[in-house]
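A structural walkthrough
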Amino acid sequence: MTRDDSRIRQLGQALEAAERILFITGAGLSADSGLPTYRGLGGLYNGTTAEGLPIEAALSGPMLQRDPALCWKYLAEIGRACHGATPNAGHRAIAELQARKPGCWVLTQNIDGFHRAAGSPAERLIEIHGQLAPLYCQACGREAADAERRLAGPLPPRCDACAGVLRPPVVLFEEMLPVEAVERLRRQQAIGFDLVLAVGTSASFGYILEPLLRCRTAGGFTVEINPATTELAAWVDLHVPGRALDVLPQAIGHISEQ
Ligand code: APR
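Figured I'd write up the structure that's included with this text. If you're wondering where the values come from, they're calculated on a predicted model, not measured in any experiment.

Running from N to C, helix α6 (residues 89–100) and helix α11 (residues 244–253) cross one another at 30°; their axes reach a closest spacing of 7 Å. Classified by the angle between their axes, α6 and α11 sit roughly parallel to one another. By crossing handedness, the relation of α6 to α11 is classed as left-handed. Residue-level inspection shows A89, G90, A93, I94, E96, L97 and R100 of α6 in contact with α11, the latter providing A244, L245, L248, P249 and I252. Of the residues contributing to the contact of α6 with α11, the split by class is 9 nonpolar, 1 polar and 2 charged.

In structure tokens:
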């Protein structure tokens, strides 16, 4: 048995034994669906935009107000990439485990909607950076149907009723996190988790690192699934160096049918 096989077996045993499980997922989980990650090799944020701006400035709340056409140019790029892709075996493996374990939750930074599409129950899915649809009007609040069609049309997309600029319910840079999602995370953290797994994330934000650190401090087991070694290496009990698409189905496949 190779070292990686033994790590995957160890991961499968931890998943089988745990009741309260939290998957913290990032762009790396959707990388296997063909979506760009944000940092690291080929990351969306590694360069500056054609306008010479850091992408974090172009995709910020203030930019959506100041220059909606510029902000929407990059929002539409992300939206089109998501609409053109589908969930992968990693998303499906997590959803399958959630179906078997009522205490299994997902905290995702991804806005692609792939966890919902793969079957993760909405009541145990915290989308901390929001979702790409439905678009809504910033001026009158009306929801606008067919986000995908509008991404292909003139930008910024405008409200059919009042011509106000539409936006998706995502968290742009320099914007607050959705209160409802933060509250759900807080409630679940108060109950605690036996096992926290960081899957495909550089854990760039404190609210992403915190659940993992809390689990570790409380004596739980912490895991990172990532081909690269990140800052999380110092905080996890087990690092499985691989793609989520490969590791998760194998690890969850080890769990006997209950
Ligand atoms: N399987 C697992 N991990 C992978 C894979 C893969 N196939 N491919 C890449 N990775 C890892 C990379 O090594 C990297 O550590 O996924 C991680 C992706 O990190 P980021 O690109 O920083 O993405 P993420 O952590 O989700 O970013 C968090 O930053 O700007 C915000 O809103 C944005 O939600 C995003 C957040």
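As a further point, take unusual backbone geometry. Between A133 and P134 the backbone carries a cis peptide bond, its omega angle lying at 0°. Along the chain, P134 turns up in the loop between β3 (125–127) and β4 (135–137). Here the bond from L155 into P156 is cis, since omega is 0°, no more than 30 degrees from zero. Note on placement: P156 falls in the loop between α8 (147–151) and β6 (166–167). A positive phi angle, near 40°, is found at D146, a position not held by glycine. By the element assignment, D146 lies in the loop between β5 (143–144) and α8.

Now for the sheet that holds strand β8 (residues 221–225). Taken together, 6 strands build an open sheet; the order of strands is β3-β2-β1-β7-β8-β9 and the sheet is parallel. At either end of the open sheet lies a strand with only one pairing partner, and these are β3 and β9 (238–240). Between one strand axis and the next, the sheet turns through 15° on average, direction left out of account. With 3 bridges joining them, strand β2 (residues 104–108) and β3 adopt parallel strand pairing. Along β3, the bridge assignment pairs T108 with E127. Relative to the sheet, α11 contacts β1 (21–25), β7 (195–199), β8 and β9, its axis offset from that of β8 by approximately 140°.

About the thresholds
Residues numbered from 1 in each chain as written. Predicted model: local features only at pLDDT ≥ 70, side-chain atom pairs only at ≥ 80, totals over all residues. Heavy atoms only, no water. Axes fitted to C-alpha atoms, helices over the stretch in contact; angles between N-to-C directions. Helix = DSSP H or I, 4+ residues; strand = E, 2+ residues; numbered from the N terminus. Parallel < 35°, antiparallel > 145°, perpendicular 65-115°, else oblique. Left-handed = near helix turned anticlockwise from the far one by under 90°. Contact = heavy atoms within 4.5 Å. Nonpolar A, V, L, I, M, F, W, Y, C, P; charged D, E, K, R; others polar. Pairing = 2+ DSSP bridges.

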